[in-house]
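For reference, the chains in residue letters:
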Amino acid sequence: QVQLVESGGGLVQPGGSLRLSCVASGRIFSVAGMGWYRQAPGKQRELVALINSGGRVNNADSVKGRFTISRDTAKNVVVLQMSSLQPEDTAVYYCKAEILTPDWRMSDYWGQGTQVTVSS
């Protein structure tokens, strides 16, 4: 099976920074796109940032200039560096990966989520 495990969430004051990390492991042939989504209470899950296997990045307008996504393709790791955090960034952050398994099936996999709270 495939697992995505996130780490790095927590409580931070407005203007602060946090670094989220996600590693994919298990029966993986290759990983295509990796990214981060978030869901605030009472709201739908929304895209934060995506990075494809070639390194092309797609950021949500709300995080441009503040969040940076990167990946280590060899280790199947994706990192979200968040700075200038604001209370509206408070949400559960989920890692997502498009993974090709050895049986030649391409599927989306999700992590369990990590809480980010921005508050003074």
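Residues numbered from 1 in each chain as written. Predicted model: local features only at pLDDT ≥ 70, side-chain atom pairs only at ≥ 80, totals over all residues. Heavy atoms only, no water.

Structural notes on the sheet that holds strand E1 (residues 2-7)
Part 1 of the argument: The strand order across the open sheet built from four strands is E1-E3-E8-E7, with neighbouring strands paired in antiparallel fashion. Either end of the sheet is taken by a strand with one partner, and the two such strands are E1 and strand E7 (67-72). Each strand of the sheet is rotated relative to its neighbour by a mean of 15°, with strand direction disregarded.
Part 2 of the argument: Where strand E3 (residues 18-26) meets strand E8 (residues 77-82), six bridges bridge the pair, whose relative direction is antiparallel. Residue Val-23 lies in a different strand from E8, and its bridge partner there is Val-77. (Pairing = 2+ DSSP bridges. Helix = DSSP H or I, 4+ residues; strand = E, 2+ residues; numbered from the N terminus. Axes fitted to C-alpha atoms, helices over the stretch in contact; angles between N-to-C directions.)

Focus: the nonpolar core
Part 1 of the argument: In this structure, Trp-36, Leu-80, Met-82 and Tyr-93 are the most contacted members of the largest nonpolar core, which totals 29 residues.
Part 2 of the argument: Looking at this core, the elements with two or more residues in it are E1, E3, strand E4 (30-39), strand E5 (46-51), E7, E8, strand E9 (91-100) and strand E11 (114-118).
Part 3 of the argument: Among the elements that make up this core, the one with the highest residue count is E9 (five residues).
Part 4 of the argument: Contact partners of Leu-80, with chain neighbours within four places excluded, come to Leu-18, Arg-19, Leu-20, Trp-36, Val-48, Ala-49, Phe-67, Thr-68, Ile-69 and Tyr-93. (Core = buried A, V, L, I, M, F, W, Y, C linked by side-chain atoms within 4.5 Å. Buried < 20%, exposed > 50% of the residue type's maximum accessible area, 1.4 Å probe, protein only. Contact = heavy atoms within 4.5 Å.)

With respect to unusual backbone geometry
A negative phi angle is the norm for most residues apart from glycine, just as the trans form is the norm for most peptide bonds.
Part 1 of the argument: Positive phi, close to 55°, is recorded for Asn-76, a residue that is not glycine.
Part 2 of the argument: Counting through the fold element by element, Asn-76 comes out in the loop between E7 and E8.
Part 3 of the argument: If you check the backbone angles, Trp-104 has positive phi at about 65° while not being a glycine.
Part 4 of the argument: By the element assignment, Trp-104 lies in the loop between E9 and strand E10 (106-110).
Part 5 of the argument: According to the relative accessible area criterion, Trp-104 is exposed, its value standing at 63%.

Notes on the side chain of Thr-101
Part 1 of the argument: Locating Thr-101 in the fold gives a position in the loop between E9 and E10.
Part 2 of the argument: On the accessibility criterion, Thr-101 (6% relative accessible area) is buried.
Part 3 of the argument: Apart from residues no more than four positions distant in its own chain, Thr-101 is found in contact with Val-2, Arg-27, Phe-29 and Tyr-109.

A word on the state of the cysteines
Part 1 of the argument: On inspection of all chains with the given rule, the structure shows one disulfide.
Part 2 of the argument: Shown here is the disulfide that connects Cys-22 with Cys-95, its sulfur atoms set 2.1 Å apart. What sets the handedness of the Cys-22 and Cys-95 disulfide is the S-S torsion sign, and at about -80° it is left-handed. Taken together, the residues Cys-22 in strand E3 and Cys-95 in strand E9 connect sequence positions 73 residues apart. (Disulfide = S-S within 2.5 Å.)

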